[in-house]
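Examining the three-dimensional arrangement
Letter by letter, the chains look like this.
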Amino acid sequence: MPMSIIKNTAFYALVVVIVVCAVFPFYYAIITSFRTGSAIFTIEYWPTSFSVANYVNVIASGSFARNLLNSIIVSACVVTLSLLMAVTAAFALSRVRFRGRSLLLLTILSVSMFPQIAVLAGLFEVIRLLGLYNTLGGLVFSYMIFTLPFTVWVLTTFMRDLPVEIEEAAIVDGATPWVIITRVFLPLMWPALVTTGLLAFIAAWNEFLFALTFTSSTETRTVPVTIALFTGSSAHEVPWGIVMAASVIVTVPLVVLVLIFQRKIISGLTAGGVKG
Amino acid sequence: MTASPSVRSELLRQRSRSARLFLLPMILALAVVAGWPLLRTIYFSFTDASLTNIDAAKWVGFKNYLSWIQLKSGRTIYSGLLVDPAWWNAVWNTVRFSVISVSLEAVFGMVIALVLNAEFKGRGIVRAAILIPWAIPTIVSARMWGWMLNDQFGILNDLFMRVGLIDHPIAWTASSDTAMIAVLIVDVWKTTPFMALLILAGLQMIPGDIYEAARIDGVHPVKQFFRITLPLVKPALMVAIIFRLLDAMRIFDLIYVLTPNSAQTKTMSVLARENLIDFDKFAYGSAQSTLLFLIIALMTMLAIWIGRVRLDGGER
């Protein structure tokens, strides 16, 4: 069957093109990060030299290690806070009937469409007023604008699809809503919490505009800002090896997390989208 | 249910009371972090506020948007955002970028989704591979591609010259002809996976027996795609396109890092931040932010109307 062989070959060729396009830039960043000196300026498609000097440089010099810690602290706080607020809010929005519920959901959804730049000026004022300028707290505070609507929305869709029966026994026993959330819903919600938590973590980890605007010293920066502002002695002397090493350090944990949780992430990403 | 009516209504009341309590932290947080700052931004756009002295802002009406003075000669000179060529250039860049990038992403996303929807060995690897661009932070991908697109040492120039696509190295990010192309390449690479996953979710909801019937009737696969797949996946595709369009309209990070000084790629968000923070034209930048917000708000309303997103909490 020559026709089917041609078809199969063409299909697998397409598959290879897709995989190579998706993976090559990251692969190239990794091999660049292991090249130093003049080796970096010779174009090679395969790893030909190996040196960890860039990694040693990036961690030892400057404030990169500190910035990495900042990113971890900020992202972890953002996830915890937004999940705490979102679980209770999602319970109210999905299991209790009250007037204005649809309007509230609509408002939350539209906040997630806000362009960040639209609140930048006002948020700048609020953050300075609260004394949060150039602090990690200021970043955690401002990141709520994009993590909170998203977590509330996804958890609401998830809780709405749970059957009524699971609550009934608890209601008959006279359990308070708080007990119902912690004893009945939370044990069922771990998959959804892991997914939304992970997506919120990635969003906070990658955020750039607020981190750039609301911090002023190198010690309070998060890693995206550090990587964006890496420059050499002149604009034409970007230390590419160091930039790539920093990029790999920042990206590897995310890629590992995403690959481990890929099914959950895909379902979380599409939860808001295709329901409509 | 054995509970008596009075107990029942007491429970219901308790339930709606706690609901309000449960919603309060979230509503408060969103009000402080989104609602109030948005109102303040709009207010600043009608003042002469400056970054160093926000508190001394005085109301100036529509001056930041449009003002004019009449010269003695009878000529009228207009100034303000609505007649600012830099602003309209940014609007044009944003629209051009959004339309081209989202169209390309829809086409490539559809191809990838169709591939992932087929049964074949190694499907898991492809799905894992396309998640990688999505997982990489925008700043990192801007830096990675900045290196690959480097005019002297970039691997893409080398590759294209070996293949014979170009005969001399191109300064992709610096040259005014190619800066937008560079931005588009990186954005399409980074966000096509998201599009593909949304379309794939739509494809997987199409029942298989439709294709079975089409195959028995001898319908050509290309015709199957245009007559069956495309119409059935259209709702999911539209939602994906709208989400991505709204996202593309506010692009900032990629352009700020990849092509910082290029007038050809300066978008509304980049221009607004430049005015707000770097140029100390806080009020003027606020006016630009406000206009961008209005544009996106209009698009969102349109999107909700088209997408008919299910907003009701209960009924199924």
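Since this is a predicted model, take the numbers as computed values, not measurements. (Residues numbered from 1 in each chain as written. Chains lettered and ligands numbered in written order. Predicted model: local features only at pLDDT ≥ 70, side-chain atom pairs only at ≥ 80, totals over all residues.)

**Section: the overall build of chain A**
Just so we agree on the cut-off: Numbering of helices and strands runs from the N terminus, with a helix taken as a DSSP run of H or I at least four residues long and a strand as a DSSP run of E at least two residues long. Atoms considered for the radius of gyration are the C-alpha atoms alone. The globule rule reads 2.2 Å times the number of residues to the power 0.38. Counts of 20 or more other C-beta atoms within 10 Å of a residue's own C-beta define buried residues, counts of 12 or fewer define exposed ones, and intermediate counts define partly exposed ones; C-beta atoms are placed from the backbone.
Along chain A, the regular secondary structure elements total 12 helices and 0 strands. Traced from its N-terminal end to its C-terminal end, chain A shows the element sequence α-α-α-α-α-α-α-α-α-α-α-α. Relative to the globule expectation of 19 Å for 276 residues, the C-alpha radius of gyration of chain A, 23 Å, shows a markedly less compact shape. Residues classed as buried in chain A amount to 46% of the 276 residues present.

**A look at the packing of helix 6 (residues 179-203) of chain B against helix 8 (residues 221-249) of chain B**
All names here are of chain B. Which entries qualify depends on this criterion: In this analysis an axis means a line fitted to C-alpha atoms, helices contributing only their contacting stretch, and an angle means the value between N-to-C directions, from 0 to 180 degrees. Roughly parallel here means an angle under 35 degrees, roughly antiparallel means over 145, roughly perpendicular means 65 to 115, and every remaining angle is called oblique. The crossing is said to be left-handed when, going from far helix to near helix, the turn is anticlockwise and less than a right angle, and right-handed when the turn is clockwise. Whether two residues are in contact depends on their C-beta atoms, placed from the backbone: they are in contact if these lie within 7 Å.
With their axes 8 Å apart at the nearest point, helix 6 and helix 8 run at an angle of 155 degrees to one another. Overall, the two elements helix 6 and helix 8 adopt an arrangement that is roughly antiparallel. The element helix 6 and its partner helix 8 pack so that their crossing is right-handed. Listed contacts from helix 8 to T191, M195, L198, I199, A201, G202 and L203 of helix 6 are V233, P235, A236, L237, V239, A240 and R244.

**Description of the domain arrangement of chain A**
The condition is simple: Where a domain begins and ends is set by an automatic assignment or by a domain database. Any residue that is not Ala, Val, Leu, Ile, Met, Phe, Trp, Tyr, Cys, Pro, Asp, Glu, Lys or Arg is counted as polar, Gly included; the first ten are nonpolar and the last four charged.
Partitioning chain A into domains gives domain 1 (2-51) and domain 2 (59-274). For the side of domain 1 of chain A that touches domain 2 of chain A, the class distribution of residues is 3 nonpolar, 3 polar and 1 charged.

**Re helix 6 of chain B**
All names here are of chain B. Selection criterion: Expected helix span is taken as 1.5 Å per residue step, with the number of steps being one fewer than the number of residues. Here the bend at each residue means the angle between axes fitted to two seven-residue stretches, the one ending at that residue and the one beginning there.
Its 25 residues give helix 6 an end-to-end C-alpha distance of 35 Å, which sits within 8% of 36 Å, the value for a rise of 1.5 Å per residue. By the largest-angle criterion, T191 marks the main kink of helix 6, which is about 40 degrees, and a proline, P193, follows within four residues. For helix 6, the tally of buried residues reaches 21 of 25 residues, placing the bulk of the element in the interior.

**Things to note about the interface of chain B and chain A**
The partner chain A presents 82 residues to the 84 residues of chain B that form the contact. Here the side of chain B that touches chain A is built from residues that sort into 59 nonpolar, 14 polar and 11 charged.

**Side note on the confidence of the model for chain B**
Residues and elements named next belong to chain B. Let me state the cut-off plainly: Summary of the metric used: pLDDT quantifies the predictor's per-residue confidence within the range 0 to 100.
When the pLDDT values of chain B are averaged, the result is 87; 94% of them are 70 or greater. Low pLDDT, under 50, characterises residues 310-316; the stretch is placed with 13 contacts to residues that sit more than four places away or in other chains. Two summary scores accompany this predicted model of the complex, namely pTM at 0.89 and ipTM at 0.89.

**Looking at the environment of I18(A)**
Within the secondary structure, I18(A) sits in helix 1 (residues 2-33). Distance in space between the C-alpha atoms of I18(A) and T195(A) is 26 Å, their sequence separation being 177 residues. Every residue in contact with I18(A), bar those within four places of it in the chain, is listed here: I112(B), V115(B), V126(B) and I130(B).

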